[in-house]
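Here's the letter readout for the chains.
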Amino acid sequence: MTQTAAPDVVEPKARPSIRRAVRILSEDKVALASVVFVVVVVLSAVFAPWIAPYSPSDISLTDRLLPPVWSDGGGWSHVLGTDALGRDVLSRIVFGARNSLLIGVSVVVIAGAFGTVVGLIAGYRGGRADAILMRLADAQLAFPGLLLVILIISVLGPSIPIIIVVIAVYGWMIFARLVRGNVLQLREDLYIRAAVMAGCGPIRLMRRHLLPNLVSPIMTQAMLELARVILVEASLSYLGLGIQPPNVSWGLMVAENQAYLREGWWTVFFPGLILVFTIVALNLIASWLRVRSDPQQQQLIAARRRMNAEAKAGEK
Amino acid sequence: MQPDTESHPVREASEELLRLEGLTVHFPVRTGLMGRKQFVHAVDDVSLDVQAGETLGLVGESGSGKTTLGYSILGHYTPTAGRIIFDGNDVTGYSGKKLRELRRHMQMVFQDPYGSLNPRMRIEEIVAEPLICHGVITDRDELRNRVEQLLTMCGMPADAASRFPHAFSGGQRQRIGVARALALDPRLLVADEPTSALDVSVQAQVVNLLQDLQAELGLSYVFISHDLSVVRHISHRIAIMYLGKVVEIASTAQIFNAPLHPYTEALLSAIPVPDPKSGWHEQRVQLGGDIPSPITPPKGCRFNTRCPKAEAVCFHEVPPLEPKLDGHWVACHLVAPLGSGGESAHKAAELSRSAPQTPN
Amino acid sequence: MRDETKQPADDFLLSVDNLKVEFYNERGTVHAVQDVSLGVRAGETLGLVGESGSGKSVTAAALMDLVPITGRVANGTFRWHGREVTSKELGRLRGSKITMVFQDPMSALNPLVHVGAQITEVLRKHLKMSRGDARRRALELFDLVGIPEPLRRFKQYPFEFSGGMAQRVVIAMALAAEPEVLIADEPTTALDVTIQAQILDLIAHLQKELNIAIVLITHDLGVVAGVADHLAVMYAGRVVESGVASEVFEHPSHPYMRGLLASTPHPREVTDRLVPIPGNPPVVTKILPGCAFADRCSEATDRCRTERPELVAPPEDDVPSDRKVACWHAA
């Protein structure tokens, strides 16, 4: 009575796993290096008290402006030298990572979550809700973000929670736009329509059908935003409106030591360098994520990989 | 109850499950920056019915409105005019909770087996989704059992439940789609070109499956397709649509043996016959021109731009859909209505047109 | 043994022998075409029939050096007018001597250029016509393919054409350079049935007038029954049956061809139930011994599963010379 087909099952794709991700990552050396770098920075931030050779506020007036280990007068006790107050540059960089990352990640999580929710609602409901929410986003985008952040913080005072909130308030729009755009496209997909026909309510639809497909673009954007926020924090700290002494951040280090550019270039150079590297690394990771989630690119890469493998096997 | 194309099956007095009365669906569309608002006349004044346990084939080319009609029956589009009567209740314009309730009794099988299943969900969840969303079954084990039952009913192995869609071929995915549609035990299935995206050797599997399920569960189908030959195998009655209007409704046998509307004739003769000796190519009714735009449909009979038999009246008056023979409704000025003595003329035509039937 | 299966290559305009095409993805290699030999003569239509995974479109792509970058031609001897050529040389003939028509006319036409210019471009590039001559010829071509009001249509953009009309434009472009071979890959699949009939008419008519060779690729047996002179049925990357079209339809030898016929709904004949072929058309990722159709074939025996049958003439005496079947149980 019922049909029994002889199922000719196509070989299923290997389940995504960490090992597989690492293998794929290792093909793109640049992306791999970036990920390693960011991981190192994050780990040093987390384990700062155990990694840093000194406390960041250890003042030692006898060891002022010692150069890095490879220069004359430098030593292994202060690998990257010391600043004008004798504080170890390396330790300050490690602890600075803490603050920079704390602010960066907090902002991205808050702005990302809020923006995603807004984008979901706007894209899914469309109509008036969409119009209102998007006009709100447009209105905020019309203002020069950084200037307003500076203005508000200078009024409210630069404490870490305020910094996080203010930067987040000016960071959600890009997530909202991104998610909305993706949702508008996804809405037309047949399986969404099928889910609606099956009686799927909006909550479940967003949770089970839309969100999983949004993870990839959101993650990519999050990397980029993280880079941007770290830079914003650095700028604020440089202007004196961010992290306040005795706390340390990379931007603050640059600000404090710019007067010593001639006698102690390392005090400005290394914090600046780590800042640049971190931002570049995050951008490269975002770029790699974007390529990874493009199926056509993936096909090309996979094909090339296989062709090389076949060629090698043929040579043996 | 298989469609018997040699003689009409006398269906036991079955109830009417679905009736459409003057259903009209127009979509607004704006042309250009300053354009006047225009409308796509997707479905215009369509009246038809589907009896319990039968399959109504809905056939047409692009622009015919058949897909829009299918979706409108399920409440996806709100009709501009007309009524939808399901199981005796007027369900026109249902939305929100009422619509969700209604959807327990009518479901859809979609055209694209590759797009209609969420690639990131396991088969178990896909098939169980209607049950989850309506809160019909909450116990995990019961859910799993029901899913297995549905999959088996549709010819899929029970262990398919734990896999993802990409592990399956088009035909298998379509079976999964059917299993999902059956989850809530609906009475009506609207199948939107369920075989068009499948290979020929697999199409037959799905068509046979649907036939078997109908016999087993007493389902009614609205089977939408552009392919008359596939529709023939599964439909009891067929409605031919052109540019938003129904031009002919009759039993499958009547449509194939004695089509009355010129469009139906042309459509039938245009179907490629897998037999070089049939000479279908040379003998077919030549239809020139293109299908007109549904935004500005022709005045009078919409087929007048291409009809080889069009006369003056066809350009002025819209032909009503009327019974011309017993159970055979046609919208054409040139076909004499029932009881006007024109029957004899058409009976003669019927005899001359029916090709000698190949015995089964 | 091999020589018996080779077609007389003398009168083929375009032919390929022992074609092998592979595609690569992260899961492995897809053997899309395994060992295909076929050819087409002037004034004739070769119907290349198969379902998904059969390799029919890839075969055509190989004939025009259009295999996508994710794959490559691993083997194959190409011949043009009987003379051996490389795949690249065939590629150079593409657009002039070998032209093609694909399934979706809209993606073959540049949406930003009016159609007249798209045809004159072909004429000026390949036939080196002057602007005036090219325009005149383009209008003639519009007429030839049955586009009404050619002057008005000349200046229109692709979006102003319906599917059927756009396909006519594409056919006009394909004919503009006076090709010897036209490869049509599912040219009517995306079109409505009544329009499909018009286009098939047109193709048949044009072939008679211009004496070109046509390779018509389709999965629809009805389409090929109406227009093909010769038929090659492909399954899992190989040709399983070939010969004169009317012959193959009347006396299908290979169980797959018979299965296809049984599962194709026939608009004229009454059958109770369609007879499907169980299972699904395969995607060949591993070349296994034996016949690829064995696991779906109702007549398969042990031999079928271990030894692959060659494409040879069937054993009877009274059979036309170019009829071939790859089956141990050829009827």
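These figures come from a predicted structure and were not determined experimentally.

Q: Looking at this model, I keep getting lost on the overall build of chain B. Mind explaining?
A: Along its length, chain B carries 11 helices and 12 strands. By the burial criterion, 53% of the 360 residues in chain B qualify as buried. In chain B, once contacts between residues fewer than 6 apart in sequence are set aside, the share between residues at least 24 apart is 64%.

Q: I would appreciate a short explanation of the environment of B:Ile255 in the present structure.
A: Residues and elements named next belong to chain B. One can find Ile255 in helix α8 (residues 252-257). The sequence separation of Ile255 and Ile240 amounts to 15 residues, and the corresponding C-alpha distance is 9.1 Å. When near neighbours in sequence (up to four residues on either side) are disregarded, Ile255 contacts Ile238, Glu248, Ala250 and Thr264.

Q: Is there a simple way to explain the interface of chain B and chain C in this structure?
A: Interface size is often expressed as the accessible area that is lost when the parts come together. In this assembly, 44 residues from chain B lie in contact with 40 residues from chain C. Sorting the residues of the side of chain B that touches chain C by element identifies α6 (200-217), α7 (228-234), α9 (262-270) and α10 (280-283) of chain B as the ones contributing at least two each. The element contributing the most residues to the side of chain B that touches chain C is α6(B), with eight residues. Looking at side-chain class alone, the side of chain B that touches chain C contains 19 nonpolar, 17 polar and eight charged residues.

Q: I tried to follow the sheet that holds strand β7 (residues 181-185) of chain C on my own but got confused; where do I start?
A: Across a sheet, strands are paired by hydrogen bonds formed along the backbone, either parallel or antiparallel in direction. Residue and element names in this part refer to chain C. The strand order across the open sheet built from seven strands is β6-β7-β8-β3-β9-β10-β11, with neighbouring strands paired in mixed fashion. Each edge of the open sheet is held by one strand with a lone partner, namely β6 (98-101) and β11 (324-325). Pairing of strand β9 (residues 230-235) with strand β10 (residues 238-244), which is carried by six bridges, proceeds in the antiparallel orientation. Among the inter-strand pairings, Met234 is bridged to a residue of β10, identified as Val239.

Q: Would you mind going over the interface of chain A and chain B with me for this structure?
A: Opposite the 25 residues of chain A that make contact, chain B presents 34 residues. Elements supplying a minimum of two residues to the side of chain A that touches chain B: α9 (190-197) and α10 (202-238) of chain A. Of all the elements, α9(A) adds the most residues to the side of chain A that touches chain B, at five residues. Considering only residue class, the side of chain A that touches chain B consists of 14 nonpolar, six polar and five charged.

Q: Would you mind going over the packing of helix α11 (residues 250-257) of chain A against helix α12 (residues 265-292) of chain A with me for this structure?
A: Each pair of packed helices can be described by the angle between their axes along with the distance between the axes. Residues and elements named next belong to chain A. At their nearest, the axes of α11 and α12 sit 9 Å apart, and the two run at 155 degrees to each other. When the interaxial angle is binned, α11 and α12 end up roughly antiparallel. Considering the relative orientation of α11 and α12, their crossing is left-handed. Across the interface between the two elements, Trp250, Met253, Val254 and Asn257 from α11 touch Thr267, Val268, Pro271, Gly272, Ile274 and Leu275 from α12. Among the residues forming the contact of α11 with α12, the class breakdown is seven nonpolar, three polar and no charged.

Q: Before we go on, may I ask you to explain the sheet that holds strand β7 (residues 188-192) of chain B in this structure?
A: All names here are of chain B. Strand order in the open sheet formed by eight strands is β6-β7-β8-β3-β9-β10-β12-β11, with mixed pairing between adjacent strands. Both edges of this open sheet fall to β6 (106-109) and β11 (322-325), since each of them pairs with a single strand only. Strand after strand, the sheet turns through a mean of 25 degrees between neighbouring axes, direction not considered. As defined by bridge partners, strand β3 (residues 55-59) adjoins strand β8 (residues 220-225) across five bridges and the pair is classed as parallel.

Q: How should unusual backbone geometry be read in this particular structure?
A: Where the residue is not glycine, phi is negative for most of them; where a peptide bond is considered, it is trans in most cases. A:Pro246 follows A:Pro245 through a cis peptide bond whose omega is 10 degrees. One can find A:Pro246 in the loop between α10 and α11. If you check the backbone angles, C:Asn18 has positive phi at about 50 degrees while not being a glycine. By the secondary structure assignment, C:Asn18 is in strand β1 (residues 14-25).

Q: Mind showing me how you'd approach the confidence of the model for chain C here?
A: Keep in mind that low pLDDT regions are not for reading the predicted coordinates in detail. All names here are of chain C. Model confidence for chain C is summarised by a mean pLDDT of 87, while 95% of its residues fall at 70 or above. Confidence over residues 1-9 falls short of pLDDT 50; this stretch has 15 contacts with residues more than four positions distant or in other chains. On the interface metric, ipTM, the complex scores 0.82, and its pTM is 0.83.

About the cut-offs
Residues numbered from 1 in each chain as written. Chains lettered and ligands numbered in written order. Predicted model: local features only at pLDDT ≥ 70, side-chain atom pairs only at ≥ 80, totals over all residues. Helix = DSSP H or I, 4+ residues; strand = E, 2+ residues; numbered from the N terminus. Buried ≥ 20, exposed ≤ 12 C-beta atoms within 10 Å, placed from the backbone. Contact = placed C-beta atoms within 7 Å. Nonpolar A, V, L, I, M, F, W, Y, C, P; charged D, E, K, R; others polar. Pairing = 2+ DSSP bridges. Axes fitted to C-alpha atoms, helices over the stretch in contact; angles between N-to-C directions. Parallel < 35°, antiparallel > 145°, perpendicular 65-115°, else oblique. Left-handed = near helix turned anticlockwise from the far one by under 90°. pLDDT = per-residue confidence, 0-100.

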